[in-house]
Amino acid sequence: MYPRVVVNKKSLRQNHKILLEEAARRGISVFVVTKVYTADLEIAKIAAECGAEFLADSRTENLKKLGSLNKKRVLLRLPQHSEIREVIDHSEISLNSEISTIKMLGRQAAAQDKTHGIILMVDLGDLREGMAPADIPEAARTVLNTEGLALEGIGVNLTCYGGVLPSKENMQQLADLAEQIETENNIKLNFVSGGNSSSISIMMDGDLPSKINNLRLGESLVRGRETAYLKDIPGMTDDCFTFEAEIIELKEKPSVPTGIIGFDAFGNKPEFNDRGMRLRAIVAVGKQDIKQDGLFSYDSGIKLIGGSSDHTIFDLTDAGRQYKVGDILKFKMDYGAILQAFTSGYVKKIYQD
Ligand SMILES: *Cc1c(COP(=O)(O)O)cnc(C)c1O
């Protein structure tokens, strides 16, 4: 049955080995981020076999799944007050920026006789999560003085909301802040976390200050490229996931509908260019399964026309070969498509060695 994602385990192994080695060679520990594949255990197991010591996810449900792999687990999204119990139960470390949340984590951890690790997030301009740099030293003292907590480090997130790139300047700011906290409190931080897959380029160029010793990597491991300049990483591959879906109708039709145009199924008013008669394939996959514009056919002549909840229409007029009803179309997937394929219960997952 289709649609399905074919998971190429060999490619995933290759990518994890190479990137974890590149990081280790430069003294950088890696939190392997599993959220794009909903912490699928078959895939997370590959990460663990390739040497990942830490598995990180934004959801406590996913971290719970990862428990059987016996690696340290890191919660990436700031904890909700309504999930403090789950955070303590299913992660050893969490990223934080709110004192009220930090205190609740401390109380819950202490009640369970546990020590929970805190990484304080600092906002260096991207405007997603993080405290102002000036507020970090006092927050660090609060963590150090709260029962049930350990101050594991500080971190920054970039290139997410604001698209701000990692630079020598903002990385040095993070490094300086870490130095300051260590000196003021006479401690060593385990993690000075310089960002996500968009920090790989600056790492490979040798431009990370030596104080920065951790990255949190997801997309790069499954797509084989860094995300600041979209450059391929030597030796890594982009064929870890292939999306497959089946043609259920194949007919020549005009490129402009007949009749008065109202709203489509999602409340948008569609517009059309008249390109004459086109060979159109309806594929049995829709918005419930996949981000349709995140699919890229292996047959480069095949182009997306559009789609709705359960149908996607492709233009096959310029396809590289002849197709028929029942044929399977194969696609590369962007980040959003991988994410949605894994969150959709309708998409089967097939694992290939
Ligand atoms: C998702 C996430 C990451 C990983 O980002 P990639 O671009 O996939 O490497 C790192 N840190 C945080 C806080 C995240 O939410």
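One can find the structure itself at the top, above this paragraph.
Attention in this report is confined to the structure presented alongside it. (Residues numbered from 1 in each chain as written. Predicted model: local features only at pLDDT ≥ 70, side-chain atom pairs only at ≥ 80, totals over all residues. Heavy atoms only, no water.)

Notes on the overall build of the chain
Under the convention used in this document: In DSSP terms, a helix is any run of H or I states spanning at least four residues, a strand is any run of E spanning at least two, and both are numbered starting from the N terminus. Relative accessible area decides the class of each residue, using a 1.4 Å probe on protein chains only: under 20% of the type maximum gives buried, over 50% gives exposed, and in between gives partly exposed. Note that accessible areas follow from Shrake-Rupley with a 1.4 Å probe, and for residues the cover is restricted to the protein chains shown. Counting rule for charge: Lys and Arg are taken as positive, Asp and Glu as negative, and neither His nor the chain ends is counted. Here the site of a charge means NZ on Lys, CZ on Arg, CG on Asp, or CD on Glu.
Secondary structure assignment for the chain yields 10 helices and 16 strands. Expressed along its principal axes, the backbone C-alpha trace of the chain runs to roughly 75 × 40 × 40 Å. Split into buried and exposed, the 353 residues of the chain put 51% on the buried side. Summing over all exposed atoms, the chain offers an accessible surface of approximately 16600 Å²; the carbon and sulfur share of this is 47%. Positive and negative side-chain charges of the chain, numbering 44 and 49 respectively, have mean locations separated by a distance of 4 Å.

Focus on the site of the ligand
Operational definition: A molecule or strand has a residue near it when one of that residue's heavy atoms lies within 4 Å. In protein, a polar contact means a hydrogen-donor-capable atom and an acceptor-capable atom, both N or O and within 3.5 Å, with residues adjacent in sequence counting only if both atoms are side-chain atoms; elsewhere, any N or O pair within 3.5 Å suffices. Residue type decides the class: Asp, Glu, Lys and Arg count as charged, Ala, Val, Leu, Ile, Met, Phe, Trp, Tyr, Cys and Pro as nonpolar, and the leftover types, Gly among them, as polar.
Around the ligand sit 13 residues, and of these Lys 35, Ser 197, Arg 216, Gly 218 and Glu 219 come closest. Here an oxygen atom of the ligand and a backbone polar atom of Gly 218 are 2.8 Å apart. If the ligand stood free it would expose 390 Å²; the protein chains cover 92% of that surface. Taken together, the residues of the shell around the ligand break down into four nonpolar, four polar and five charged.

Thoughts on the nonpolar core
Where we set the bar: In this description, a nonpolar core means a group of buried Ala, Val, Leu, Ile, Met, Phe, Trp, Tyr and Cys residues linked to one another through side-chain atoms lying within 4.5 Å. Contact between two residues is taken to exist if any of their heavy atoms lie within 4.5 Å; hydrogens are not considered.
Core analysis: the biggest nonpolar cluster contains 85 residues, and Leu 120, Ile 154, Phe 241, Phe 243 and Met 333 have the highest contact counts within it. The residues contacting Phe 241, other than those within four sequence positions of it, are Val 5, Val 6, Val 7, Ile 43, Val 222, Phe 331, Met 333, Ile 338 and Phe 342. With 11 residues, the next largest nonpolar core counts Val 74, Leu 76, Ile 119 and Phe 191 among its residues.

Re the pattern of salt bridges
Condition: The term salt bridge refers to a side-chain nitrogen of Lys or Arg lying within 4 Å of a carboxyl oxygen of Asp or Glu.
All chains considered together, the criterion is met by 22 salt bridges. Two residues, Asp 238 and Lys 332, come together in a salt bridge whose shortest N-O distance is 3.1 Å. In this pair, Asp 238 is assigned in the loop between helix 9 (219-223) and strand 10 (241-254) and Lys 332 in strand 15 (residues 328-333), connecting sequence segments 94 residues apart. Notably, a salt bridge pairs Lys 291 with Asp 293, separated by 3.5 Å at the nearest N-O pair. For Lys 291, a relative accessible area of 31% gives the class partly exposed. Overlapping salt bridges, with partners in common, bring together Arg 275, Arg 278, Asp 315 and Asp 318 in one network.

Remarks on helix 5 (residues 99-111)
Heads up, the rule is: Take the number of residues in a helix, subtract one, and multiply by 1.5 Å to get its expected span.
Helix length check: helix 5 (13 residues) gives 18 Å between terminal C-alpha atoms against 18 Å at 1.5 Å per residue, within 8%. Summarising the contacts, the buried residues of helix 5 are in contact with helix 4 (84-90), strand 5 (93-96), strand 6 (116-122), helix 6 (136-144) and strand 7 (149-156). After helix 5 finishes, the residue Asp 113 shows a positive phi value of roughly 60°.

Quick word on the packing of aromatic side chains
To keep things clear, this is the line we draw: Working definition: rings of Phe, Tyr and Trp (its six-membered ring) pair if their centres are within 6.5 Å, and the pair is stacked with planes under 30 degrees apart, edge-to-face with planes over 60 apart, and tilted otherwise. Only Lys NZ and Arg CZ are tested; either one counts as a charge over a ring when it is within 6 Å of the ring centre and within 35 degrees of the ring normal.
The final tally for this structure, using the stated rule, is five aromatic pairs. Grouping aromatic residues by their ring pairs yields a cluster made of Phe 31, Phe 54 and Phe 191. Of note, Lys 269 hangs over the ring of Phe 263, and the distance from its end group to the ring centre comes to 5.2 Å.

Digging into helix 6
Along helix 6, the positions that sit buried rather than exposed are Ile 136, Pro 137, Ala 139, Ala 140, Thr 142 and Val 143. Residues of helix 6 that are buried make contact with helix 5, strand 6, strand 7 and helix 7 (168-185).

Brief notes about the pairing of strand 11 (residues 277-283)
Cut-off, in case you're wondering: Pairing between strands requires that DSSP locate at least two bridges from one strand to the other.
Extensive coverage of strand 11 is indicated by the burial of five of its seven residues. Bridge analysis of strand 10 against strand 11 gives seven bridges, and the strand direction is antiparallel. Counted as the bridge partner of Lys 251 is Arg 280 from strand 11. Two strands pair when backbone bridges link them, and strand 11 and strand 14 (residues 312-315) are joined in this way by four bridges, in the antiparallel orientation. Residue pairing in the sheet places Val 283 in a bridge with Thr 312 of strand 14.

Quick look at the environment of Tyr 323
Mapped onto the elements of the fold, Tyr 323 is located in the loop between strand 14 and strand 15. Spatially, the C-alpha atom of Tyr 323 lies 41 Å from that of Thr 159, the residues being 164 residues apart in sequence. If sequence neighbours within four positions are ignored, Tyr 323 has contacts with Ile 247, Leu 250, Asp 299, Ile 302, Leu 316 and Leu 329. Only 2.7 Å separates the side chain of Tyr 323 from the side chain of Asp 299, close enough to count as a polar contact.

Limitation: the analysis is restricted to geometry and does not speak to function.
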